[in-house]
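Residue strings, one per chain:
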Amino acid sequence: MTLRLYNTATRTKEDFIPLQEGKVGIYVCGVTVYDYCHIGHARSAIVFDVLVRHLRAKGYDVTYVRNFTDVDDKIIERAKLTGKDTGTLAREFIHAFYEDMGALGILKADVEPRATEHIDGMIEMIAALLERGHAYVSGTDVYFSVESYKGYGQLSGRKLEDMKAGSRIAVDEHKRHPMDFVLWKAAKPGEPRWDSPWGPGRPGWHLECSVMSNCYLGPTFDIHGGGRDLLFPHHENERAQSVCANGGEFARYWVHNGFVTVESEKMSKSLGNFLTIRDALKEYLPEVLRLFLLSKHYRGPLDFSKSDVQSLQAGLVRIYRTFQRMDELFGSSPGVSDADSGSPFLDRFVEMMDEDLNTGGAIGLIFEKVREMNRVMDAAEGGLDQETRVALEKDRQQILEAGRTLGLFRERPADFFARLADLSPRIDPHEIENLIEQRRVARSQKNWAAADAIRDRLKGMGIVLEDGPRGTTWRLDV
RNA sequence: GGCGGCAUAGCCAAGAGGCUAAGGCAGCGGUCUGCAAAACCGUUAUUCACCGGUUCGAAUCCGGUUGCCGCCUCCA
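Residues numbered from 1 in each chain as written. Chains lettered and ligands numbered in written order. Predicted model: local features only at pLDDT ≥ 70, side-chain atom pairs only at ≥ 80, totals over all residues. Heavy atoms only, no water.

Engineer: Explain the overall build of chain A to me, using residue names and the numbers behind them.
Structural biologist: Looking only at helices and strands, one finds 16 helices and 15 strands in chain A. With the C-alpha coordinates of chain A rotated into their principal frame, the extents come out at 90 × 50 × 35 Å. When each of the 478 residues of chain A is scored for burial, the buried share is 50%. Taking all contacts inside chain A whose residues are at least 6 apart in sequence as the whole, residues at least 24 apart take part in 75%. Distance between charge centres in chain A, computed from 63 positive and 72 negative side chains, equals 2 Å. (Helix = DSSP H or I, 4+ residues; strand = E, 2+ residues; numbered from the N terminus. Buried < 20%, exposed > 50% of the residue type's maximum accessible area, 1.4 Å probe, protein only. Contact = heavy atoms within 4.5 Å. Lys, Arg positive; Asp, Glu negative; His and termini not counted. Charge placed at Lys NZ, Arg CZ, Asp CG, Glu CD.)

Now the structure itself:
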């Protein structure tokens, strides 16, 4: 089966055929490390994490490159504000990035280069662009000339003439064309600087991705990813530089993820709805966020609303409850040889994922499977025969397999529910156990009124009781 | 002003020419239970923003209308 990917460059879904059979090179624009990552960064990271996992599950040998932008105007500005030097600031937020993304189960990329490690390569690329007539020195800076590249605008689907007419482009006397962009920027006093043939300064933002992708993946590679907003100007500029300097095709498939809004509003610091990953993790479990962010197709916009996240949480709870029920029924893992191939469920799952990463549809499949498993367990009230046990375990293994691609179901059910309970710190297990014991006594005397009063009291505390054959258990009402 | 996207039940969301329009959440009825909870069963869109067109056949393709949204400036 062939993966089909929507290619922003052609605006159509295409069969994914890698440059070299069996191998995939993918470059994803990472973050600028001057602040904590927000839920939008999380979506992007998860989308490409899932893309890479899916490619690997399909047997591809993937080289995944994701950069850190650790020199940039915003970092310099933030460093000034906090009195730190830019290197320290960048290191701190790279550390925070790993903490946040690690919590969300996002795998590390194979190569995670930092812009400041590739200054030499950037200087070389600027020299090459100057030599080929695609760049010019103006004052203390070096600019890329967009008019020197006839393909400029092709990727994002715009024409230079249209952009010239746009009123939002600031006129800059140093530029030959308003859309020309800086390749090398002279350092002002106190700013980080590197020596170059054009004087001390720092590279322009777009340059690093051109240099690093070329360094690790070559002048032509398979997939380039990033947020929708990076399409223009960043990706357009990146492509222009790379094609002009290296002569390759640059990226063959462009994959862009849609934006996250919060309660229907775009995240912005002025609105105060800037939701960081670490804040979101105070309220929701990592897998709840992950499931939520994957519940909708990656290309569309996604609104992060409390009620929608909670409805996905309720669904995830049901899935884990099913796993827990199996554990109770026959221990944590009876061990099933996964040798037997031929799984209609996994075939359908892969088929869904192959269709431009239809994670929403794939999740639907998982829920159907979960219902089927519960049905089987309901039916086998008296006890499970060996055949049924094996079938159930096989089902579980298949869901876990699908979960490995989505980065879900990594927890043991007991841990999942414990962590869920930990998010509500107000509860006192001793008090609850005590009340349950009182209720047990009342129930044994068939004093239903007293028993129900206790249950109502716990209900008011957000605790739900479940009376089972082996006594009463409690859980948080979710 | 330029370019692009989206509109499917109470909410979220798959489906991209033809089997009864996935799935989740919420609701309602039922099985189970002392009563509940959980789980399961049933139920909730004769219809996919609106109007035309193409077709034997359209939620899916084409044109138009309306309404949201994004990018065009640093941004995942």
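Engineer: Quick rundown of the sheet that holds strand S13 (residues 302-304)? Include the residues and the values.
Structural biologist: A sheet is described by the order of its strands in space; here 3 strands give the open sequence S12-S11-S13, paired in mixed fashion. Single-partner strands in this sheet number two, and they are strand S12 (265-266) and S13. Relative to S12, strand S11 (residues 260-262) runs antiparallel, the two sharing 2 bridges. Counterpart to Thr261 in the pairing with S12 is Lys266. (Pairing = 2+ DSSP bridges.)

Engineer: Explain the sheet that holds strand S8 (residues 201-203) residue by residue, including any values.
Structural biologist: Overall, antiparallel pairing links the 4 strands, which are arranged S5-S6-S7-S8 in an open sheet. This sheet does not close on itself; its edge strands, each paired only once, are strand S5 (135-138) and S8. Direction aside, neighbouring strands of the sheet carry axes that sit 25 degrees apart on average. Of the pairings in the sheet, the one linking strand S7 (residues 181-186) to S8 comprises 3 bridges and is antiparallel in character. Within S8, the residue paired with Ala186 across the bridge is Gly201. (Axes fitted to C-alpha atoms, helices over the stretch in contact; angles between N-to-C directions.)

Engineer: Report on the environment of Asn358, specifying residues and quantitative values.
Structural biologist: Note that Asn358 resides in the loop between helix H11 (344-354) and helix H12 (359-379). On the basis of relative accessible area, Asn358 is assigned to the partly exposed category, the value being 27%. A sequence separation of 62 residues divides Asn358 from Lys296, and the C-alpha atoms of the two residues are 8.2 Å apart. Apart from residues lying up to four places away in sequence, Asn358 is in contact with His297, Met352 and Met353. Only 2.9 Å separates the side chain of Asn358 from the backbone nitrogen of Gly361, close enough to count as a polar contact. (Polar contact = N/O pair within 3.5 Å; in protein donor to acceptor, adjacent residues only side chain to side chain.)

Engineer: I'd like to hear about empty space enclosed by the protein, residue by residue, with values.
Structural biologist: The full count for this structure, using the stated rule, is 1 cavity of 30 Å³ or more. In this structure, the largest cavity occupies an estimated 40 Å³ of space. Around the largest cavity sit Val47, Val50, Leu293, Leu294, Lys296, Tyr298, Leu357 and Thr359, which together line it. Its residues placed into classes, the lining of the largest cavity shows 6 nonpolar, 1 polar and 1 charged. (1 Å grid on protein atoms, 1.4 Å probe; cavity = no way out; pocket = protein on both sides within 12 Å on 5 of 7 lines; lining within 4 Å. Points joined across faces, edges and corners; volume = space filled by probe spheres on them. Nonpolar A, V, L, I, M, F, W, Y, C, P; charged D, E, K, R; others polar.)

Engineer: Describe the environment of Thr140, naming the residues involved and giving the relevant values.
Structural biologist: Considering the arrangement of structural elements, one finds Thr140 in the loop between S5 and strand S6 (141-144). Along the backbone, Thr140 and Trp198 are 58 residues apart, and their C-alpha atoms lie at a distance of 7.0 Å. When sequence neighbours within four positions are dropped, the list of residues in contact with Thr140 reads Ala186 and Trp198. A polar contact is formed between the side chain of Thr140 and the side chain of Asp141, at a distance of 3.3 Å.

Engineer: Tell me what's going on with the pattern of salt bridges, and back it up with residues and numbers.
Structural biologist: Across all of its chains, the model carries 37 salt bridges by this definition. Its salt-bridge partner being Asp15, residue Arg4 comes within 3.1 Å of it at the nearest N-O pair. Of the two residues, Arg4 sits in strand S1 (residues 4-7) while Asp15 sits in strand S2 (residues 12-15), which places them 11 residues apart along the sequence. Asp15 sits in the partly exposed class, given a relative accessible area of 37%. One salt bridge connects Lys369 with Asp395, and the closest N-O pair in it is separated by 3.2 Å. One end of the pair, Lys369, is in helix H12; the other, Asp395, is in helix H13 (residues 386-406), with 26 residues separating them in the sequence. (Salt bridge = Lys/Arg side-chain N within 4 Å of Asp/Glu carboxyl O.)

Engineer: Describe the packing of aromatic side chains, listing the residues and the values that go with them.
Structural biologist: If you walk through the whole model with that rule in mind, you get 18 aromatic pairs. Centre to centre, the rings of Phe292 and Phe304 are 5.5 Å apart; their planes meet at 85 degrees, and the pair counts as edge-to-face. Of this pair, Phe292 sits in helix H9 (residues 286-294) while Phe304 sits in strand S13, and the two are 12 residues apart along the sequence. Among the residues examined, Phe304 registers a relative accessible area of 5% and is labelled buried. One aromatic cluster is present, formed by Tyr320, Phe323, Phe409, Phe416 and Phe417 through successive ring pairs. When the ring centre of Tyr98 is taken as origin, the NZ or CZ atom of Lys108, which lies over that ring, is 4.3 Å away. Directly above the aromatic system of Tyr136 lies the positively charged group of Arg176, at a separation of 3.9 Å from the ring centroid. (Phe/Tyr/Trp six-rings, centres within 6.5 Å; stacked < 30°, edge-to-face > 60°. Lys NZ or Arg CZ within 6 Å of the ring centre and 35° of its normal.)

Engineer: Describe helix H10 (residues 306-330), listing the residues and the values that go with them.
Structural biologist: Taking 1.5 Å per residue, 25 residues should reach 36 Å; H10 reaches 36 Å between its end C-alpha atoms and fits that length. Those residues of H10 not exposed but buried are Val309, Leu312, Gln313, Gly315, Leu316, Val317, Ile319, Tyr320, Thr322, Phe323, Met326 and Phe330. (Expected span 1.5 Å × (residues − 1).)

Engineer: Please provide a residue-by-residue account of the domain arrangement of chain A, values included.
Structural biologist: On domain assignment, one finds that chain A holds domain 1 (4-262), domain 2 (312-414) and domain 3 (424-476). When each unit is reduced to the centre of its C-alpha atoms, the spacing between domain 1 and domain 2 is 39 Å. With 14 residues of domain 1 at the contact, the number on the domain 2 side is 12 residues. A combined buried area of about 1100 Å² lies between domain 1 and domain 2, and 51% of that area is made up of carbon and sulfur atoms. (Domains from an automatic or database assignment. Buried area = accessible area lost by both parts, 1.4 Å probe.)

Engineer: Residues and numbers for the packing of helix H1 (residues 39-57) against H9, please.
Structural biologist: Look at H1 against H9: their axes get within 10 Å of each other, and the N-to-C directions meet at 80 degrees. The angle between H1 and H9 places the two elements in the roughly perpendicular class. Listed contacts from H9 to Ile39, Ala42, Arg43, Ile46, Asp49, Val50 and Arg53 of H1 are Leu289, Arg290, Leu293 and Leu294. Looking at side-chain class alone, the contact of H1 with H9 contains 7 nonpolar, no polar and 4 charged residues. (Parallel < 35°, antiparallel > 145°, perpendicular 65-115°, else oblique.)

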